[in-house]
Every structure is written in C-alpha cells, then in structure tokens.
Amino acid sequence: MSAHPALSEAGALLRRREGLIRKVAGYSAIRGSAEALVGIRGILLAALLGPAAFGGWALLRLATRYAALAGLGVFRGLEVELLHPSGPEAETTGRSEAAGAALGFILVVSGSLAAVALLLSAFVAAEHRLILQGFAAAVVAESVYGYTLVWTRIRTTLLRYAVLEASTAALHLLLGVWLARSFGLGGAFAALAIAAALGAGAASSWVEMRPALGRAILNRMLSVGWPMALTGAVGILLHTADRWVVAAWGGRELLGYYAFAGALTSAAAAFALAIRTVVFSEVYGEARVAGAATALQRHLERSLMPFATLVPPVLGAIGFCLGPLVELAAPGYAQAVPPARLFLLGGAAVGLVNLAAIGAVAAGRQRLLPAYAAVALALNLGLSIVALIAGAGLEGVAAASFAGHAVFAAAVVGLNAQLSGVARPDQLVVRALRPMVWCAAAVVIAGHAEVALDSDAAGLGFYLFLIVPLAAKSRGEWRRMQGER
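Residues numbered from 1 in each chain as written. Predicted model: local features only at pLDDT ≥ 70, side-chain atom pairs only at ≥ 80, totals over all residues. Heavy atoms only, no water.

### Remarks on the nonpolar core
The condition that has to hold: Remark: nonpolar core denotes a set of buried residues (Ala, Val, Leu, Ile, Met, Phe, Trp, Tyr, Cys) joined through side-chain atoms within 4.5 Å. To sort residues, take the accessible area from a 1.4 Å probe on protein chains only and compare it with the maximum for the residue type: under 20% means buried, over 50% means exposed, and anything in between is partly exposed. Helical segments are the DSSP runs of H or I of at least four residues, strand segments are the runs of E of at least two, and each set is numbered from the N terminus. Residues count as neighbours in contact if any of their non-hydrogen atoms are within 4.5 Å of one another.
Among the nonpolar cores identified, the biggest contains 98 residues, and F54, W57, F260, L304, Y333, M436 and Y463 are the most heavily contacted of them. With 14 residues, helix 12 (residues 337-362) is the single largest residue contributor to this core. Setting aside residues no more than four positions away along its own chain, Y333 makes contact with A46, G50, P51, F54, G256, Y257, F260 and V326. Formed by 30 residues, the second largest nonpolar core is a distinct cluster that contains A98, A99, Y161 and A196.

In structure tokens form, the structure reads like this:
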C-alpha cells in the first residue's frame, strides 16, 4: 500500500532538511577553519607590521577586490555553464568550451591589469610603488585560483573544494608570517601571490587548464554574469566605502586600526557562503523544473530565514570574546574592538544578501540588484562621513557600514519574498531583519556598559540579557529546521 501523497511529500521535505543540515555542517566545519586561518593571518600581520604598514596591506586587498570586477562576472556565467554543459565536445570528451573561454578571458584581463600596475609603479612614490608591485604579482595568481575554485566546486566534490580552500589559507598564513617577519610589507605581498599560485597549481591535476578565446560562449557567460558583476562592483563599494572614508580622513594608520577590526571578523559571512555553496545548484535546478516561485519559497524556508533568525545572536555573543583576544594578541589595537563587533553583525547582513541573491538569479531578476546596492552605498558613504565629522569615531563608521548593508539586505530579501508569492512580503522582511538589527543595538548598548563597568564578563552578560526576547523565536526556528512541530 502506497503512502498518502501528503505524507510522502512531508517525508521528502524532512529528508531534504536533514540532508541540508548535514551538508552545511560538514562544509561549514572545514570552511570555518579556513576563515579562522584568514583571521589569524590578519591578526599576526597586524602585530608584525604595525598600524601604518597594515594599512598598506589593507589598500592592496582593496585593490585586488576591485580587480576581480574586471572579469565582468564571467565566473557566475561559468557556474551556469558547468552545471548544464552543452555541445558535442562536452558530450564526447567531458571538456568544457566554457571553461577554456573563461580561463582565457581572465588571463587576458588580469595580465593586462598587472602590466598597467607595473608600468605605473615606475612613476609613483616609493610608498605606493610597493603596493602596485604587490598588486601586479597577486592579481594574476588570484584570478587563476578563483577559476580553479569555481571548477572544483561544480565538477568535483564539496569536500575537495573545502580542503583546497583550507589548505591554501593555511599555506598563506605560514608564508605570510614568515615572509612578513623577514621582509616586511613586501614579504606579505609576495606570500599572497605565492599561496594563490601554489593553490592553483595543486588543483591543476583535476581542473581543466586549457585557455581559449571563444567569443560566442564568452558572450553567453557574460550575459549571465555582468549584472552580477555590476552588483558586485556596487557591493564592493558598499563594503569598502567606509574604509576609503577612514583612509582619507585619518590616513594609513587609522585605516590600519579599522582594517584590523575587519580582520578580526573575516568569518562573519562565512556561514552564509557555506550555505550558498551547498544550495545554489539545487535552487537553480528547482527553478528550472518547478518554477521560480516554488524554488524561492523553499529557499526562504530552508536557508534564508533560519540564517536570519539563528546566526545574528551568536555573532553578537562572539563579539564580546574579541576584547580578551585582542588584549592578549595585539593590545595596541584595542580601539578596533567596538567596530569589530558591529562588523560581525554587518557580516550577517552580507550573508543575507548572498543567500537572497541566489533567488534573484534563479528568477532571472538579478538586474535589479545593482540599483539596490547603489542606494545602500549612498547611505553607507553619507553616514560614514557624518560619523567622523560628528566625532563618533571608528564605531560610528562601523555603524554606518552596518546600516548600509542592512538596507541592501532588506531590499534583496524583499525581492525574494515578492517573487516567491508570499502574501505579505513586508512582514517577511521585518522577520528576517529584526534579529540582526536587535542584536546590533544590543551590542552597542552592552559594549558601552562594558566600558563603564570595566568588565568583559559584564558586557557579555548584559548582551545576553538584552537578546532574551529573541530566544523563543530562535528556538522555534531551530525546531522547525529539525522537522519538529
């Protein structure tokens, strides 16, 4: 006797939930180790280099992030092509015309950027020359490494992808500390390029490394990727506008303190990226088969809302462990702790954007994202300037950054809610954003109480007291994820 259709569907949904939790937990454990290594690297480099030189490191990392935009989102198009290969070559040999075209394109783009940087380095002051030379060394290696990550994620196993990330992060930590201690800022720059090159070299045994220039397939990938690249451009501006304001206002030294706060919280959005890595192919596939509305409803239920409800309270609590860590490892950077706590909550907002963007792409509405990001960017930039003028310091700038990311997250989550067909999209947005905003306010209030009482434990205790109203909803969401009624 066959099971009732409703019971069969419920059982299938429960199995999918359990499978998702296992996959996310397994990948997050390894991805978390990689992010922890990145954070440790930043802390150690800051301690070795000092605030001014670490500000130079931060400028290089900003430059390489902007350089990635020159790829015009070709990697997002490559994801789609690798997920759904087509053409006689793919059927007979297993090779991908899209992969060759993507690799050839990013080699041309990154090589051109490196050549321009080396040329400019001959005409600038010595303090900027080193940054340009470091950029030239890193941009090609990081572009090729990025290509190997896309191929590995789509065409091999999630375990191999996670191990590649963690191994490269460990290599860069070791090389970065060793070379920075021996050669200062130049050594740190060299370690960045060497680690990326070695990571790509290790992956070459399973990644297709045959660059080509196929115009038709390249245009198809760019047609998917360029709206995401434009969103990425505005998104990176949104993520870094506060840093540029700090650098312009206080120079490389103040930027060094602010960048150190970012280094402490580099893992803030890692969990959302882990979820994205696990679920994006499923959401895209389900949108093709069952329609965008159905796919987005399940994505909201299984991924986005659990993240929005459960992650911010945990990140806020982690923020109160940063004070003792900084006091132990780098006491000269104590002023970076308050903004770092808000960066953690800003990372939750970035995570929401990353997850919600999957739904926008699956529904073919990614062209709306750049406009949303531009509004958030204007808010971030304006509030950052106001914060410094008003004397709110680095914590005020971090609060401005959080506000910009929260607005962006609200807009993209709202788009998902509308496309999914839920009855009240505005209510879903409020539900998604409430824990994050509540926790940010609690972090600020408890942080000032911590200073007044001169006690890290008091700050954490006060924060936990302030988030008690969120406990019931978090517990209910966790039980729902486990399939409990």
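### With respect to the packing of aromatic side chains
For clarity, the cut-off: The rule is short: rings of Phe, Tyr and Trp, with Trp giving its six-membered ring, pair when the centres are within 6.5 Å, and they are stacked under 30 degrees, edge-to-face over 60, tilted in between. The rule for a charge over a ring is simple: NZ of Lys or CZ of Arg within 6 Å of the ring centre, and within 35 degrees of the ring normal.
Considering all chains together, one arrives at 3 aromatic pairs under this definition. Seen from their ring centres, F320 and Y463 are 5.5 Å apart, and the 35° between their planes marks the pair as tilted. Taken as a pair, F320 in the loop between helix 10 (292-319) and helix 11 (322-329) and Y463 in helix 16 (residues 456-466) lie far apart in primary sequence, 143 residues in all. Residue F320 shares its accessibility class with Y463, and that shared class is buried. The residue whose ring lies beneath R160 is W206, and the NZ or CZ to ring-centre distance is 4.4 Å.

### Notes on the packing of helix 10 against helix 14 (residues 393-420)
This is how it is decided: The axes are straight lines fitted to the C-alpha atoms, using for helices just the contacting stretch, and the angles between their N-to-C directions are given from 0 to 180°. The labels follow the angle: roughly parallel below 35 degrees, roughly antiparallel above 145, roughly perpendicular from 65 to 115, and oblique for the rest. Note: crossing handedness is left-handed where the near helix turns anticlockwise from the far helix by less than a right angle, and right-handed where it turns clockwise. Only Asp, Glu, Lys and Arg are considered charged in this grouping, and only Ala, Val, Leu, Ile, Met, Phe, Trp, Tyr, Cys and Pro are considered nonpolar; every other residue, Gly among them, is considered polar.
Two elements in contact, helix 10 and helix 14, have axes whose closest approach is 8 Å; the angle formed by their N-to-C orientations is 135°. Our classification of the angle between helix 10 and helix 14 gives oblique. As helix 10 runs across helix 14, the sense of the crossing is left-handed. Touching A293, L296, Q297, H299, L300 and L304 of helix 10 are V413, N416, A417, L419 and S420, all from helix 14. Classifying every residue of the contact of helix 10 with helix 14 by side-chain character gives 7 nonpolar, 4 polar and no charged.

### Remarks on the layout of surface pockets
We apply this condition: Throughout, the protein atoms alone are placed on a 1 Å grid, and a set of points is a cavity if a 1.4 Å probe fits but cannot get out or a pocket if it is open with protein on both sides within 12 Å along at least five of seven lines; lining residues have an atom within 4 Å of a point. Grid points are joined across faces, edges and corners, and a volume is the space filled by probe spheres set on the points.
The volume enclosed by the second largest pocket comes to roughly 410 Å³. Looking at the second largest pocket, it is lined by 18 residues, and the ones nearest its centre are A334, V337, P338, E450 and V451. For the lining of the second largest pocket, the elements supplying multiple residues, two or more each, are helix 11, helix 12 and helix 15 (425-453). Broken down by element, the residue count for the lining of the second largest pocket peaks at 6 residues, all from helix 15. Partitioned by chemical class, the residues of the lining of the second largest pocket number 7 nonpolar, 5 polar and 6 charged.

### A few points about the pattern of salt bridges
Here is the rule we go by: Here, a salt bridge means any Lys or Arg side-chain nitrogen found within 4 Å of an Asp or Glu carboxyl oxygen.
Applying the stated rule across the entire model yields 5 salt bridges. The salt bridge involving R153 is made with E79; its shortest N-O contact spans 2.1 Å. Here R153, found in helix 5 (residues 126-155), pairs with E79, found in helix 2 (residues 74-83); they are 74 residues apart in sequence, far enough to count as distant. A relative accessible area of 13% means that R153 is categorised as buried. Residue classification places E79 among the buried positions, given a relative accessible area of 1%.

### A few points about helix 12
As a reminder of what qualifies: For a helix, the expected span equals 1.5 Å multiplied by the residue count minus one.
In a regular helix each residue adds 1.5 Å, so 26 residues correspond to 38 Å; helix 12 covers 38 Å between its end C-alpha atoms and thus fits that length. With respect to burial, helix 12 is a largely interior element, 22 of its 26 residues being buried. Just beyond helix 12, the residue with positive phi is G364, at close to 70°.

### Structural notes on the environment of A101
Note that A101 resides in helix 4 (residues 97-121). Overall, the relative accessible area of 2% leaves A101 in the buried class. As for A101 and L78, which are separated by 23 residues in sequence, their C-alpha atoms are 9.2 Å apart. Other than its neighbours up to four places away in sequence, A101 contacts A212, G214, I217, L218 and M221.

### Notes on the confidence of the model for the protein
Put simply, the test is: Confidence per residue, as judged by the predictor, is encoded in pLDDT with a range of 0 to 100.
A residue-level look at the protein finds 83% of positions with pLDDT of 70 or above and a mean pLDDT of 79. Model confidence for the protein, summarised as mean pLDDT per element, is weakest for helix 3 (residues 88-93) at 46 and strongest for helix 15 at 91. Under a pLDDT of 50 for its full length, residues 1-18 has, in the predicted model, 13 contacts with residues more than four places off or in other chains. Low pLDDT, under 50, characterises residues 88-94; the stretch is placed with 6 contacts to residues that sit more than four places away or in other chains.

### Overview of the packing of helix 14 against helix 15
The geometry of a pair of packed helices is captured by two quantities: the angle between their axes and the separation between those axes. Following both chains from N to C, one finds helix 14 and helix 15 inclined at 165°, their axes separated by 8 Å at the closest point. The angle between the axes of helix 14 and helix 15 places the two elements in the roughly antiparallel class. Considering only the axes of helix 14 and helix 15, their crossing is right-handed. Between helix 14 and helix 15, the contacting residues are E395, F402, A406, A409, A410, V413, G414, A417 and Q418 on the first element and P425, L428, V429, A432, L433, M436, V437, A440, V444 and H448 on the second. Partitioned by chemical class, the residues of the contact of helix 14 with helix 15 number 15 nonpolar, 3 polar and 1 charged.

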